[in-house]
There are 2 protein chains.
Amino acid sequence: MAASDSLDAPAGTAGQLSRGDIPVMRRASLREQVRQAVEELIVFGKLAPGEHLAEESLAELLGVSRQPVREALQSLSVAGFVDLRAGRGAFVHEPTAREAREVFHVRALLESDSCRLAAQNVDDDGVRRLEAIYTQGHEASQRNEDPRRLIELNRAFHRAITEIGANRVSLALLADLERRAGWYLATIITNRAPSSWAEHRAILDAIAARDADLAGDLMLNHIDHSRELLEFTGQ
Amino acid sequence: MAASDSLDAPAGTAGQLSRGDIPVMRRASLREQVRQAVEELIVFGKLAPGEHLAEESLAELLGVSRQPVREALQSLSVAGFVDLRAGRGAFVHEPTAREAREVFHVRALLESDSCRLAAQNVDDDGVRRLEAIYTQGHEASQRNEDPRRLIELNRAFHRAITEIGANRVSLALLADLERRAGWYLATIITNRAPSSWAEHRAILDAIAARDADLAGDLMLNHIDHSRELLEFTGQ
DNA sequence: GTCATCCATACTGCATACAGTATGGAGCGA
DNA sequence: TCGCTCCATACTGTATGCAGTATGGATGAC
């Protein structure tokens, strides 16, 4: 890391340091902390779909004033976790099976494209990074480790590909879609497909071979295939 | 419309009316009005990229308090029109050529998919609606009408297809992307391709024939093709 | 003249205050 | 018993107040 290099240098030659090289713990804004807290409450089911989120009571619960709570709720509204009814306030969004399918569909589109881009942009270092995650995931999967770890590794693999694809707009959209998808998985989706590391292997090979079309098609099938295995409650 | 039907009915039988059938002018919230006002100021170049948007002065300019301005700025930040720097406030976002390309790319992806869905979902009424817009656009284009009307018709055609495609998640994302794209077109893009109604004709035919794959491919080429004709300033 | 330090300024982020409105139930009449 | 009206309540939307911090220029040291 550049910062530690500079720290190793003799005192007085710290001029190489640039802004942010030595970050200090800067507490995130209250509205951001509130946002994360409320999102977790929703994702973990502590706040049920349809529930009215009164600003005052939420503020008291979290030990802050209404203001940051308001702003957090508006942000969560954009992300699809709550609905704002004019004059009524915020209510926990009630996801439908249709909506879940749509989110997964769009996610498949964007990830497939990112995968295509990744195959075009990837360098040897990127391939090594993917290999490392794949090995971890493959082994963890075969050893039947903790499901949460498996999910985490699965996400890591997908995110790494998206980052190599390097379309920041797509990256930002996918971040939101993934969090929504995670919520759906935790609530209205009763049965999820196991992540297939055999398919991941094929995708990785296509990327390593810089075969963009193949990589994109494989990823599309990979996600759409798993989507068909999902079972939705309701609708 | 259901409302007028009911209004034609004899007095006293108004029980058929349901919520919202007779909407009254309900002023949008201040934060929403501020949001739109500031977005227009940015899109029309009244506020230059990089400019600092101080809450107080904006509030005074618009005749409201800081509160709705704050909330509007946060909303505009999510939409990509302003950047929020912690402790510094809001600055008009400075779009790059790369970012513009990425937005157009993602837009092409989503619209192409919507087009595919449209070809699967469309009914005869939908085809007629597209035909009507096409005819208008084609003729207006041949008569070389006001560029703003041409742009409007072009948008109408694309939006109609997206609506027939009926993926609401995609629809919402595209609405945002289109507004960003409009801004880029107005600022950093110096030369835009004329909308091709010949290509629109082919897309419409594919939808009418319910040929989803062809429709999707045509739309992808249509947008990606026009993207290549764009010339960007900077970067 | 150059550089570091200090401070006045301006503005954000959060808290509080106030006015207006949606809502559900009590009360009243049929 | 049923339905309408009216009102108390609770909560949102907006305004204002206050404390903390980033910034740029003035001031002084070298």
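Residues numbered from 1 in each chain as written. Chains lettered and ligands numbered in written order. Predicted model: local features only at pLDDT ≥ 70, side-chain atom pairs only at ≥ 80, totals over all residues. Heavy atoms only, no water.

## Considerations on unusual backbone geometry
Phase 1 of the analysis: In this structure, Asn144 of chain B is a non-glycine residue whose phi angle is positive, near 55 degrees.
Phase 2 of the analysis: Relative to the helices and strands, Asn144 of chain B is located in the loop between α6 (124-142) and α7 (147-165). (Helix = DSSP H or I, 4+ residues; strand = E, 2+ residues; numbered from the N terminus.)

## Points about the interface of chain B and chain A
Phase 1 of the analysis: Residue-level contacts link 25 residues of chain B with 25 residues of chain A.
Phase 2 of the analysis: Each partner contributes to the roughly 2,200 Å² buried at the junction of chain B and chain A, and carbon and sulfur atoms together form 55% of this total.
Phase 3 of the analysis: Our enumeration of links across chain B and chain A arrives at 2 salt bridges.
Phase 4 of the analysis: Where Arg70 of chain A meets Glu71 of chain B, a salt bridge forms, and the shortest distance between an N and an O atom there is 2.9 Å.
Phase 5 of the analysis: Linking chain B with chain A are 11 residue pairs in polar contact (both at pLDDT 80 or more).
Phase 6 of the analysis: Those elements that provide at least two residues to the side of chain B that touches chain A are α4 (66-79), α5 (97-121) and α8 (168-186) of chain B.
Phase 7 of the analysis: Ranked by residues supplied to the side of chain B that touches chain A, first place goes to α5 of chain B with 10 residues.
Phase 8 of the analysis: Residue composition of the side of chain B that touches chain A, grouped by class: 11 nonpolar, 5 polar and 9 charged. (Contact = heavy atoms within 4.5 Å. Buried area = accessible area lost by both parts, 1.4 Å probe. Salt bridge = Lys/Arg side-chain N within 4 Å of Asp/Glu carboxyl O. Polar contact = N/O pair within 3.5 Å; in protein donor to acceptor, adjacent residues only side chain to side chain. Nonpolar A, V, L, I, M, F, W, Y, C, P; charged D, E, K, R; others polar.)

## Notes on the relation of the copies chain B and chain A
Phase 1 of the analysis: Rotating chain B by 180 degrees about the axis while translating it 0.0 Å along that axis superimposes it on chain A, leaving an RMSD of 0.1 Å. Taken together, these values place the two copies in the relation of a two-fold axis. Among all C-alpha atoms of chain B, that of Glu71 of chain B lies closest to the rotation axis, at 3.4 Å.
Phase 2 of the analysis: A shared binding surface is used by both copies, with 100% of the interface residues of chain B retained as interface residues in chain A. (Least-squares fit on C-alpha atoms with pLDDT ≥ 70 in both.)

## Considering the nonpolar core
One recurring pattern in soluble globular proteins is that nonpolar side chains are buried together.
Phase 1 of the analysis: With 61 residues, the main nonpolar core has Leu110 of chain A together with Leu110 of chain B as its most contacted residues.
Phase 2 of the analysis: Contacts of Leu110 of chain A, omitting those with residues within four sequence positions, involve Ser170, Leu173, Leu174 and Leu177 of chain A together with Val106, Leu109 and Leu110 of chain B. (Core = buried A, V, L, I, M, F, W, Y, C linked by side-chain atoms within 4.5 Å. Buried < 20%, exposed > 50% of the residue type's maximum accessible area, 1.4 Å probe, protein only.)

## Some points on the sheet that holds strand β2 (residues 82-85) of chain A
Residue and element names in this part refer to chain A.
Phase 1 of the analysis: One open sheet holds the 3 strands; their spatial order is β1-β3-β2, and the pairing between them is antiparallel. Sheet topology places β1 (52-53) and β2 at the edges, where each strand pairs with a single neighbour.
Phase 2 of the analysis: Relative to strand β3 (residues 89-92), β1 runs antiparallel, the two sharing 2 bridges. Note on β3: the bridge partner recorded for His52 is Phe91. (Pairing = 2+ DSSP bridges.)

## What to know about the pattern of salt bridges
Phase 1 of the analysis: In the structure shown here, the tally under the stated rule is 36 salt bridges over all chains.
Phase 2 of the analysis: One salt bridge in this structure joins Arg31 of chain B and Glu71 of chain B, with 3.7 Å as the shortest N-O distance. Of the two residues, Arg31 of chain B sits in helix α2 (residues 30-43) while Glu71 of chain B sits in helix α4, which places them 40 residues apart along the sequence.
Phase 3 of the analysis: According to the relative accessible area criterion, Arg31 of chain B is partly exposed, its value standing at 27%.
Phase 4 of the analysis: One continuous salt-bridge network, built from bridges that share partners, spans Arg31 and Glu71 of chain A together with Glu55, Arg66 and Arg70 of chain B.

## Here's the deal with the confidence of the model for chain A
Phase 1 of the analysis: Residue-level pLDDT values for chain A average 83, and 81% of them are 70 or greater.
Phase 2 of the analysis: Across residues 1-15 of chain A the pLDDT falls below 50, and counting only partners more than four positions away or on other chains, this stretch makes 6 contacts in the model. (pLDDT = per-residue confidence, 0-100.)

## Some words on the protein's contact with DNA strand C
Phase 1 of the analysis: Inspection of the region around DNA strand C gives 18 residues, with Leu30, Ser65 and Arg88 of chain A together with Arg66 and Gly87 of chain B positioned closest.
Phase 2 of the analysis: Per the 4 Å cut-off to the protein, sugar and phosphate atoms form 68% of the nearby atoms of DNA strand C.
Phase 3 of the analysis: Here Ser65 of chain A contributes a side-chain N or O atom positioned 2.6 Å from a phosphate oxygen of DNA strand C.
Phase 4 of the analysis: One of the side-chain nitrogen or oxygen atoms of Arg66 of chain B is found 2.9 Å away from a base oxygen of DNA strand C.
Phase 5 of the analysis: Those elements that provide at least two residues to the surface near DNA strand C are α4 (66-79) of chain A together with β1 (52-53) and α4 of chain B. (Near = heavy atom within 4 Å.)

## A few points about the side chain of Gln74 of chain A
Phase 1 of the analysis: Among the structural elements, Gln74 of chain A can be located in helix α4.
Phase 2 of the analysis: Residue class for Gln74 of chain A comes out buried when judged on its relative accessible area of 13%.

## Digging into the pairing of strand β2 (residues 82-85) of chain B
Residue and element names in this part refer to chain B.
Phase 1 of the analysis: Across 4 bridges, the pairing between β2 and strand β3 (residues 89-92) is antiparallel. Bridging across to β3, Arg85 finds its partner in Gly89.
Phase 2 of the analysis: From the end of β2 to the start of β3, which pair antiparallel, there are 3 residues, and Gly87 there has a positive phi angle of about 80 degrees.

## Describing the sheet that holds β2 of chain B
All names here are of chain B.
Phase 1 of the analysis: One open sheet holds the 3 strands; their spatial order is β1-β3-β2, and the pairing between them is antiparallel. The sheet terminates laterally at β1 and β2, the two strands that pair on one side only.
Phase 2 of the analysis: Each of β1, β2 and β3 is contacted by α4, which is oriented at about 115 degrees to β2, the strand it contacts most. (Axes fitted to C-alpha atoms, helices over the stretch in contact; angles between N-to-C directions.)

## Observations concerning the environment of Ser141 of chain B
Residues and elements named next belong to chain B.
Phase 1 of the analysis: As for its placement among the helices and strands, Ser141 is situated in helix α6.
Phase 2 of the analysis: The partly exposed category is assigned to Ser141, whose relative accessible area is 26%.
Phase 3 of the analysis: Beyond its immediate stretch of four places on either side in the chain, Ser141 contacts Leu150 and Trp197.

## Brief notes about the packing of helix α8 (residues 168-186) of chain A against α5 of chain B
Phase 1 of the analysis: It is at 8 Å that the axes of α8 of chain A and α5 of chain B come closest, and there the two elements cross at 55 degrees. In terms of their interaxial angle, α8 of chain A and α5 of chain B are classed as oblique. Across the interface between the two elements, Arg168, Val169, Ser170 and Leu173 of chain A of α8 of chain A pack against Arg98, Glu99, Glu102, Val103 and Val106 of chain B of α5 of chain B.
Phase 2 of the analysis: A per-class count over the contact of α8 of chain A with α5 of chain B returns 4 nonpolar, 1 polar and 4 charged. (Parallel < 35°, antiparallel > 145°, perpendicular 65-115°, else oblique.)

## Quick notes on the packing of aromatic side chains
Any two aromatic rings considered together are summarised by their centre-to-centre distance and by the angle between their planes.
All names here are of chain A.
Phase 1 of the analysis: By the definition in use, this model includes 8 aromatic pairs over all chains.
Phase 2 of the analysis: Consider the rings of Tyr134 and Trp197, whose centres lie 6.0 Å apart with planes at 55 degrees: the pair is tilted. One end of the pair, Tyr134, is in helix α6 (residues 124-142); the other, Trp197, is in helix α9 (residues 197-208), and 63 residues separate them in sequence.
Phase 3 of the analysis: Residue Tyr134 is classed as buried on the basis of its relative accessible area, which comes to 9%. (Phe/Tyr/Trp six-rings, centres within 6.5 Å; stacked < 30°, edge-to-face > 60°.)

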